[in-house]
Amino acid sequence: EEQERLFLNNPIDYIKEHSKRAKIDIIEDNFNNSEKTLNEYFPLFIDYKLNYIKGGSIYNDKVNWEKHLKQDFGDLYPKDITFALIQSWHENANKKINPRTNSFYATKTKNSWHNTLSEFLKYLSSHNLIKMNYAKVIGCFKNPKANTNQKKEIKSDQEQEWRIFF
């Protein structure tokens, strides 16, 4: 009943209190307080994901940030994020060695890092802290061995069909 009275007497206050957009505006106000590093913005990104997006990937996002992204991006300010920086990180990630196996990280693992970074940059972009999501522009990691054998089989199947036809 109190909510109905608030809605009827002052609909603007009701909307501010109950709408998702109003809650997003409250989060946006946090960005106007001071210039922060990406380490300081990351918990806000996690809070945003908890409130507005399914939380299934939050654990992976935290682990990816702490173990693989924080050392490269944590001390930077959003204005320092550029296409060249993301591209060089992408190239260096291909050269990273997994200490447990002493070999390169799997493509799936690197794509997990990329997805965390891309979602975080998307969040920063939506709050006008960076110009665009550069990770999305670069794209995910490609498996160098993917589908090479399949293409050869397709060629040989086509050749056999042509031979039968003629």
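See the structure shown above.
### Remarks on the environment of Asp72
Stage number 1. For Asp72, the location among the structural elements is in helix α5 (residues 58–73).
Stage number 2. Asp72 sits in the partly exposed class, given a relative accessible area of 36%.
Stage number 3. The spatial distance from the C-alpha of Asp72 to the C-alpha of Ile86 is 9.9 Å, given a sequence separation of 14 residues.
Stage number 4. Reaching out from Asp72, the side chain makes a polar contact with the side chain of Trp89 at a distance of 3.3 Å.

### Some thoughts on helix α6 (residues 83–95)
Stage number 1. Its 13 residues give α6 an end-to-end C-alpha distance of 19 Å, which sits within 8% of 18 Å, the value for a rise of 1.5 Å per residue.
Stage number 2. Here α6 has its buried residues at Ile86, Trp89, His90 and Ala93. Around the axis of α6, the buried residues are gathered within 100 degrees of arc, so they sit on the same side. Opposite its buried face, α6 presents the exposed residues Ala84 and Lys95, each directed more than 90 degrees away.
Stage number 3. Its buried side turned inward, α6 meets α5, α7 (107–126) and α8 (134–138).

### Quick look at the environment of Pro78
Stage number 1. Tracing the backbone through its elements, the reader meets Pro78 in the loop between α5 and α6.
Stage number 2. Under the relative-accessibility criterion, Pro78 is labelled buried at 3%.
Stage number 3. Spatially, the C-alpha atom of Pro78 lies 7.9 Å from that of Lys36, the residues being 42 residues apart in sequence.
Stage number 4. When residues no more than four places from it in sequence are discounted, the contact partners of Pro78 are Glu35, Lys36, Leu38, Tyr41, Leu129 and Ile130.

### Section: the side chain of Asn111
Stage number 1. With respect to the helices and strands, the residue Asn111 is situated in helix α7.
Stage number 2. On the basis of relative accessible area, Asn111 is assigned to the buried category, the value being 17%.
Stage number 3. Those residues in contact with Asn111 that lie beyond four places of it in its chain are Cys140 and Phe141.

### A look at the packing of α5 against α7
Stage number 1. One way to put it is that α5 packs onto α7 with a least axis distance of 9 Å and a crossing angle of 80 degrees. The orientation of α5 relative to α7 falls into the category roughly perpendicular. For the pair formed by α5 and α7, the contact residues are Asn60, Asp61, Asn64, Trp65, His68, Leu69 and Phe73 on the first element and Ser112, Trp113, Thr116, Leu117, Glu119 and Phe120 on the second.
Stage number 2. Counted by class, the contact of α5 with α7 contains 6 nonpolar, 5 polar and 2 charged residues.

### Overview of the nonpolar core
Buried together is how nonpolar side chains tend to be arranged in soluble globular proteins.
Stage number 1. Counting residues in each nonpolar core, the largest one holds 27 residues, and the members touching the most others are Phe73 and Phe120.
Stage number 2. Elements with a contribution of two residues or more to this core: α4 (38–52), α5, α6, α7 and α8.
Stage number 3. In terms of residue count, α4 provides more of this core than any other element does, 8 residues in total.
Stage number 4. With residues near it in sequence (within four places) discarded, Phe120 still touches Leu38, Tyr41, Phe42, Phe45 and Trp65.

### Some points on α7
Stage number 1. The end-to-end C-alpha separation of α7 is 28 Å, in line with the 28 Å expected for 20 residues at 1.5 Å each.
Stage number 2. Among the residues of α7, Thr107, Lys110, Asn111, Trp113, His114, Thr116, Leu117, Ser118, Phe120, Leu121, Tyr123 and Leu124 are the ones counted as buried.
Stage number 3. Backbone geometry just after α7 places Asn128 at a positive phi near 60 degrees.

Thresholds applied
- Residues numbered from 1 in each chain as written.
- Predicted model: local features only at pLDDT ≥ 70, side-chain atom pairs only at ≥ 80, totals over all residues.
- Heavy atoms only, no water.
- Helix = DSSP H or I, 4+ residues; strand = E, 2+ residues; numbered from the N terminus.
- Buried < 20%, exposed > 50% of the residue type's maximum accessible area, 1.4 Å probe, protein only.
- Polar contact = N/O pair within 3.5 Å; in protein donor to acceptor, adjacent residues only side chain to side chain.
- Expected span 1.5 Å × (residues − 1).
- Arc of directions from axis to C-beta.
- Contact = heavy atoms within 4.5 Å.
- Axes fitted to C-alpha atoms, helices over the stretch in contact; angles between N-to-C directions.
- Parallel < 35°, antiparallel > 145°, perpendicular 65-115°, else oblique.
- Nonpolar A, V, L, I, M, F, W, Y, C, P; charged D, E, K, R; others polar.
- Core = buried A, V, L, I, M, F, W, Y, C linked by side-chain atoms within 4.5 Å.

Limitation: the analysis is restricted to geometry and does not speak to function.
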